[in-house]
Amino acid sequence: MSYGHLFPRLRSAAGPVWPAYVGHPFVTSLGEGSLPRDAFLGYLVQDYLFLRHFSRAWALAVTKAETLEEMRYAAAAVHALLNDEMALHVRLCARVGIGEDALESAEERLETLAYTRFVMDAGHMGDFLDLLVALAPCVMGYGEIGLRLRSGGAGGPYAEWIETYGGDAYQALCHDVGRLMDSAAARRIGAPVEDSPRWPSLAGRFRVATVLETRFWDMGLAMGDLAAPAEA
């Protein structure tokens, strides 16, 4: 999956950490429907908290933007996160008796703290492009995972999650973010990006964000017992 021109270059530069992320056992068992419910619900609660900070990061992108087009896209991303993606988490948790109040009062685990603060730090210390690169492993990674699982016919107890990230709307979002990254890089660096003095920093930031995504999956698995599969 390309999602533009810059993203595939960053993904390639990340080396083995990218397949370790998108092919994580959490992802595999989610697609097979064998992921324990406790693992999935624990992940959902933490991801809900993560998305609150992710929304703040996109809000920060509005202030870092240099063009009206960049501002509009970042503002639209905040709206979509707060009103669509977080709603999925609320809906899935409500079905098993976890209310929105419980989500709001949940304690952030260290993996959530590390990842969200890394992204915010990237935005505060860097420019619009630095922030997009830190956000990209989450945005595009979920798109790649969702599309692969959906194309493979995955269903079962996690079909709604898979359909959300593998569906046309989220795939369009990934392509939009890819184009936004390309235009941001062209505006701030020019081409070829790999020849820029900024390339090692950008590639390194992307790689660290990918590792933090992988540890988020590790956290999810730790919350469940793999010997107790989810009920369909």
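For the structure itself, consult the block above.
Being a predicted model, the structure only gives us computed values, none of them experimental.

Attention now goes to the packing of aromatic side chains. Tallied over the entire structure, the rule returns 21 aromatic pairs. Ring geometry for Tyr43 against Phe216: centres 6.2 Å apart, planes inclined by 85°, an arrangement best described as edge-to-face. With a gap of 173 residues between them, Tyr43 in helix 4 (residues 37-64) and Phe216 in helix 11 (residues 199-222) connect regions that are remote in the sequence. Each member of the pair Tyr43 and Phe216 is classed as buried. With centroids separated by 4.7 Å and ring planes inclined at 55°, the aromatic side chains of Trp161 and Tyr165 adopt a geometry described as tilted. On the criterion of helical spacing, the pair formed by Trp161 and Tyr165 is a turn pair, its members being 4 residues apart in helix 9 (residues 159-166). The class of Trp161 is buried, set by a relative accessible area of 1%. With a relative accessible area of 0%, Tyr165 lands in the buried category.

Here we take up the state of the cysteines. Taken as a whole and judged by the stated rule, the model has 0 disulfides. You can see Cys138 has no disulfide; the closest cysteine sulfur is in Cys174, sitting 9.5 Å from it. Take Cys138: its relative accessible area is 5%, and that puts it in the buried class.

Attention now moves to the packing of helix 8 (residues 128-151) against helix 10 (residues 168-188). Running from amino to carboxyl end, helix 8 crosses helix 10 at an angle of 150°, the nearest separation of the two axes being 9 Å. Classified by the angle their axes make, helix 8 and helix 10 are roughly antiparallel. Judged by the sense of rotation from one axis to the other, the crossing of helix 8 with helix 10 is left-handed. On helix 10, the residues touching Phe128, Leu129, Leu132, Val133, Ala136, Cys138, Val139, Met140, Tyr142, Gly143, Leu147 and Arg150 of helix 8 are Asp168, Tyr170, Gln171, Leu173, Cys174, Val177, Gly178, Leu180, Met181, Ala184, Ala185 and Arg188. Across the contact of helix 8 with helix 10, the residue classes break down as 18 nonpolar, 3 polar and 3 charged.

In the structure shown here, the tally under the stated rule is 15 salt bridges. Here Arg188 and Glu66 are joined by a salt bridge, their closest N and O atoms 3.7 Å apart. Of this pair, Arg188 sits in helix 10 while Glu66 sits in the loop between helix 4 and helix 5 (68-94), and the two are 122 residues apart along the sequence. Residue classification places Arg188 among the buried positions, given a relative accessible area of 17%. Note on Glu66: relative accessible area 47%, which makes it partly exposed.

All right, on to the packing of helix 7 (residues 110-125) against helix 8 then. Helix packing geometry: the angle between the two helix axes and the distance between the axes. As a packed pair, helix 7 and helix 8 sit with axes 7 Å apart at the nearest point and diverge in direction by 155°. Between helix 7 and helix 8, the angle falls in the class roughly antiparallel. The handedness of the crossing between helix 7 and helix 8 comes out as left-handed. Two secondary-structure elements touch here, helix 7 through Tyr115, Phe118, Val119, Ala122 and Gly123 and helix 8 through Asp130, Leu131, Ala134, Leu135, Pro137 and Cys138. Per-class residue counts for the contact of helix 7 with helix 8 are 9 nonpolar, 1 polar and 1 charged.

Calculation notes
- Residues numbered from 1 in each chain as written.
- Predicted model: local features only at pLDDT ≥ 70, side-chain atom pairs only at ≥ 80, totals over all residues.
- Heavy atoms only, no water.
- Phe/Tyr/Trp six-rings, centres within 6.5 Å; stacked < 30°, edge-to-face > 60°.
- Helix = DSSP H or I, 4+ residues; strand = E, 2+ residues; numbered from the N terminus.
- Buried < 20%, exposed > 50% of the residue type's maximum accessible area, 1.4 Å probe, protein only.
- Disulfide = S-S within 2.5 Å.
- Axes fitted to C-alpha atoms, helices over the stretch in contact; angles between N-to-C directions.
- Parallel < 35°, antiparallel > 145°, perpendicular 65-115°, else oblique.
- Left-handed = near helix turned anticlockwise from the far one by under 90°.
- Contact = heavy atoms within 4.5 Å.
- Nonpolar A, V, L, I, M, F, W, Y, C, P; charged D, E, K, R; others polar.
- Salt bridge = Lys/Arg side-chain N within 4 Å of Asp/Glu carboxyl O.

This is a description of form; function is not addressed.
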